[in-house]
Amino acid sequence: MDQALQHLVNGTVLGGTYALLGIGLTLIFGVMRVVNFTHGELYAFGAYMVYALVSLLGINFYLSLLLAALLGAALGAAIELLLLRPLRRADIDSVMLVMIGAALVLQNAEMWGWGGVAKLVPSPFAGTPLVVGPISVMPLRIFVLLVACALLLGFWLLLDRTRAGTAMRATFQDAEAAALMGVRVGWVNTATFAIGSGLAAAAGALLGPVFMVSPTMGDLVGLKAFAIVILGGLGNLPGAAIGGFALGYIEEFGGGYVSTEYRDAFGFLLIILVLAIRPQGLVAPRERVG
Amino acid sequence: MSAVPGWCFVAAMAALPLVLPDLYLLSVLTSAGIFIIGAISLNLLLGYTGQLSLGHAAFFGLGAYASALASLGFDIGIGFGLRLTLPPQPVWIGFLAAIAVAGGFGWLLGRLAFRVRGAYFVIITICFAQVLRMVALNWVELTQGPMALIGLSPFSLWLPGQGVVELYAKNQTYWLVLGVAVLCFLVVRQIVHSRVGRALVALRENETLARSVGIRVTHYLVIATVVSAGIAGAAGSLFAHNVRIVDPDVFLFIYTVTMVIMVITGGKGTLWGPVVGGLIFGLLPDLLRGAAPPEAQWIAYGVAMILLVMFLPRGIVPAIAALMPARRPGRGATASPVSQEAP
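Rules and cut-offs
Residues numbered from 1 in each chain as written. Chains lettered and ligands numbered in written order. Predicted model: local features only at pLDDT ≥ 70, side-chain atom pairs only at ≥ 80, totals over all residues. Helix = DSSP H or I, 4+ residues; strand = E, 2+ residues; numbered from the N terminus. Buried ≥ 20, exposed ≤ 12 C-beta atoms within 10 Å, placed from the backbone. Contact = placed C-beta atoms within 7 Å. Rg over C-alpha atoms; globule rule 2.2 N^0.38 Å. UniProt positions renumbered as here; feature names shortened; annotations may be inferred. Pairing = 2+ DSSP bridges. Core = buried A, V, L, I, M, F, W, Y, C linked by C-beta atoms within 7 Å. Expected span 1.5 Å × (residues − 1). pLDDT = per-residue confidence, 0-100. Axes fitted to C-alpha atoms, helices over the stretch in contact; angles between N-to-C directions. Parallel < 35°, antiparallel > 145°, perpendicular 65-115°, else oblique. Left-handed = near helix turned anticlockwise from the far one by under 90°. Nonpolar A, V, L, I, M, F, W, Y, C, P; charged D, E, K, R; others polar.

## Quick word on the overall build of chain A
Broken down by element type, chain A carries 11 helices and two strands. For chain A, the α and β elements follow one another from N to C terminus as α-α-α-α-β-β-α-α-α-α-α-α-α. With the C-alpha coordinates aligned to their principal axes, the bounding extent of chain A is approximately 60 × 45 × 35 Å. A burial count over chain A gives 52% of its 290 residues as buried. Of all intrachain contacts in chain A linking residues separated by at least 6 positions in sequence, the fraction that spans at least 24 positions is 76%.

Structure (structure tokens):
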């Protein structure tokens, strides 16, 4: 029982960052119909920016997190303007190939620039775990969960309460109709990609100090983001948040009770099963996806 | 392109080791040839059915592991105290096993993945390769995990009058790969020009229409996937016994990406596209070696992919075919065989 509680806590912490990743990816797909293969690389980018700002430039940790997320958003906007805007009329497969090319460039640029050795990001939190009854948690992880939840809430407020959010939701539902209503879809796309990328970079910046920062870290995470998004249904925002926490628990409990080695495989097995049985996702209403 | 230039090209490639017995060049061409076989198989899915399958490294890796395990033999527990044992087999049996195993998984993936299309299909195929990589990493009793399967024997071939001969020499392996590549090319050409091929192209161009005239879409897609997977498995087997070591990295996404780049560079949906693209991207890295680190090579691949999709989306072969004056309607060199079939 104690062990189960511990897994629950760890799964929640992991799930918070997974939800951030999933929301960004599903938002981009929903608004722009783009399968974003650079998402994992933006995550790695965020982690490297925190490393560079904190370890190399000696900037305050919290300020560095903010800057890393903003730099991620800026990189996302650049990708959108440079690569996606010219391809707005192209089919989904061409766009996927371009995004794979971009991911290849980003990942290897990271490898080239930073070297293959994993980096450690120092954080201002104590290295000793906080013990509450049978559960022990690193203070850093609690901070990560809190920030992730705050970002999720902020994102929801942005989408639900602001003019920009309304424009985004309109484009999400029907881009053509939104354009006819005077929404400048081009800028909505840029903003969407920037926000999605910023969330991915924020997730990387948050987890960078928890784990190590390495150039291939985006690979697996990029694929996991797909798992999260598929779990909740591609283009389904609440679904992505639920999917993020679900994957966190699945990995944590699966790793704890079934097999540590196959921990990372659970998500992928699950995607294949979900897509084969309920391709519209677990939480979405039935719709055609073929 | 009529058959004559094609056979001239094959003859020239076959004569190369005799004219230019440079071992380094031969080994580079051999590994390029193996990836060309992979690209030819991918093209059947990517080019002719229009399904962006990004898990092709799965079949390549399955072939490599099946072939390696058959030739090394294995002895594993399968639960309930039972053991599954296979004594080491000759390499050609491993080669056939590679085709069978990869083809079987192709059938499985086809049945599962073709329930969905577009982005969903792409993601399912990527995950498929990823799961297999995890299994290869973690099922240490069978695959040795990250320690890799080492000490594979080189290819052996039964030759009339000489019995089974091991192909140690570089030029022998080269000819073997060339032979398999030509065979695979012919198989794919045969399929493309058959009833199956026409059905595939019909559903690529308009799936709803194809369905409405009674083409059993999933049936044909699964056939294409099985054939494609089987050929990729053959390429994997060649790869395993050429480098003589197999590790879980054969399932890496980057191998799929390499094959995808080869196909789209040359021209997807053209028979010669994968060959042209494969020669370019098979030889380029080795020509650039020393001039730039491997990261720069991958960056160049990524940039090439972006530029090609943006500025030459149909690939090199159709572009050249369009430049050449239309002497005869080109067989296989046209981008869309539909234009030939339709009056």
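## Digging into the overall build of chain B
If you tally the helices and strands in chain B, you get 15 helices and six strands. Compactness check: chain B gives a C-alpha radius of gyration of 20 Å against a globular reference of 20 Å for 343 residues, within 12% of the reference. With respect to the principal axes defined by its C-alpha atoms, chain B has extents near 60 × 50 × 45 Å. Scored against the burial criterion, the 343 residues of chain B give a buried share of 48%. A separation threshold of at least 6 residues defines the contact pool for chain B, and within that pool the share at least 24 residues apart is 77%.

## Structural notes on the UniProt feature "transmembrane region" (unreviewed entry) in chain B
All names here are of chain B. UniProt annotation of "transmembrane region" (unreviewed entry) refers to residues 24–46, 58–80, 92–110, 119–140, 173–192, 213–239, 245–264 and 298–323 when read in the numbering used here. The distance from the first to the last C-alpha atom of residues 92–110 is 27 Å, and the span holds 100% helix and 0% strand. A helix fraction of 95% and a strand fraction of 0% characterise residues 119–140, whose end C-alpha atoms lie 33 Å from each other.

## Considerations on the interface of chain A and chain B
Contacts between chain A and chain B engage 35 residues on the former and 33 residues on the latter. Among the elements that make up the side of chain A that touches chain B, the one with the highest residue count is helix α4 (residues 92–114) of chain A (15 residues).

## Points about the pairing of strand β2 (residues 83–86) of chain B
Residue and element names in this part refer to chain B. Bridge analysis of strand β1 (residues 74–77) against β2 gives four bridges, and the strand direction is antiparallel. Within the sheet, the bridge partner assigned to I76 lies in β2 and is L84. Remark: five residues form the turn of the hairpin made by β1 and β2, two consecutive strands paired antiparallel; G79 in that turn has positive phi of roughly 85°.

## Things to note about the nonpolar core
Ranked by size, the top nonpolar core spans 204 residues in total, and within it A:A201 and A:I271 carry the most contacts. The element that contributes the greatest number of residues to this core is helix α10 (residues 217–243) of chain B, accounting for 14 residues. For A:A201, the contacting residues outside a window of four places in its chain are A:L42, A:Y43, A:F45, A:G46, A:A68, A:A69, A:L71, A:G72 and A:A73.

## Remarks on α10(B)
For α10(B), spanning 27 residues, the distance from its first C-alpha to its last is 39 Å, which sits close to the expected 39 Å at 1.5 Å a residue. Remark: B:R244 follows α10(B) within two positions and exhibits a positive phi of approximately 65°.

## A few points about the UniProt feature "transmembrane region" (unreviewed entry) in chain A
Per the UniProt entry, the sites bearing "transmembrane region" (unreviewed entry) are residues 12–35, 65–83, 95–115, 135–159, 191–213, 225–250 and 262–281 of chain A in this numbering. Within residues 135–159 of chain A, the helical portion is 84% and the strand portion 12%, while the C-alpha atoms at the span's ends are 36 Å from each other.

## Points about the confidence of the model for chain B
Residues and elements named next belong to chain B. When pLDDT is averaged along chain B, the result is 80; 90% of the residues meet or exceed 70. Of the regions scoring below 50 in pLDDT, residues 330–343 engages in 29 contacts with residues more than four places distant in sequence or in other chains. Note on the complex model: pTM 0.82, ipTM 0.81.

## Topic: the packing of helix α11 (residues 253–266) of chain B against helix α12 (residues 273–288) of chain B
Residues and elements named next belong to chain B. Here α11 crosses α12 at 120°, and the two axes come no closer than 7 Å. With respect to α12, the element α11 is oriented oblique. Considering only the axes of α11 and α12, their crossing is right-handed. When α11 is examined against α12, the residues T258, I261, M262, V263, T265 and G266 are found in contact with a partner set consisting of G273, P274, V275, V276, G277, G278, I280 and F281. By residue class, the composition of the contact of α11 with α12 is eight nonpolar, six polar and no charged.

## Some thoughts on unusual backbone geometry
A positive phi is found at A:R33, a non-glycine position, where the angle reads about 55°. By the element assignment, A:R33 lies in the loop between α1 (2–32) and α2 (39–56).

## Structural notes on the environment of B:R314
Locating B:R314 in the fold gives a position in the loop between α13 (294–311) and α14 (316–323). B:R314 sits 88 residues away from B:V226 along the chain, and the two C-alpha atoms are 25 Å apart.

## Considerations on the environment of A:A77
Residue and element names in this part refer to chain A. Among the structural elements, A77 can be located in helix α3 (residues 61–84). The exposure class of A77 is partly exposed, given the 18 C-beta atoms found within 10 Å. C-alpha of A77 to C-alpha of G22: the two residues are 55 residues apart in sequence and 18 Å apart in space. Those residues in contact with A77 that sit more than four places away from it in its chain are T190, F193 and A194.

## Some thoughts on the packing of helix α4 (residues 91–113) of chain B against helix α5 (residues 118–138) of chain B
Residues and elements named next belong to chain B. For the pair α4 and α5, interaxial distance at closest approach is 10 Å and the crossing angle is 145°. Between α4 and α5 the crossing geometry is right-handed. Of the residues in α5, those touching α4 at L109, L112 and A113 are F121, I124, T125 and F128. The residue makeup of the contact of α4 with α5, split by class, is six nonpolar, one polar and no charged.

## Focus: the environment of B:I40
Residue and element names in this part refer to chain B. Within the secondary structure layout, I40 lies in helix α2 (residues 23–49). By C-beta crowding, I40 is classed as buried, having 29 other C-beta atoms within 10 Å. Placed 14 residues apart in sequence, I40 and L26 show a C-alpha to C-alpha distance of 20 Å. Setting aside its immediate chain neighbours within four residues, I40 contacts C184, F185, V188, I231 and P274.

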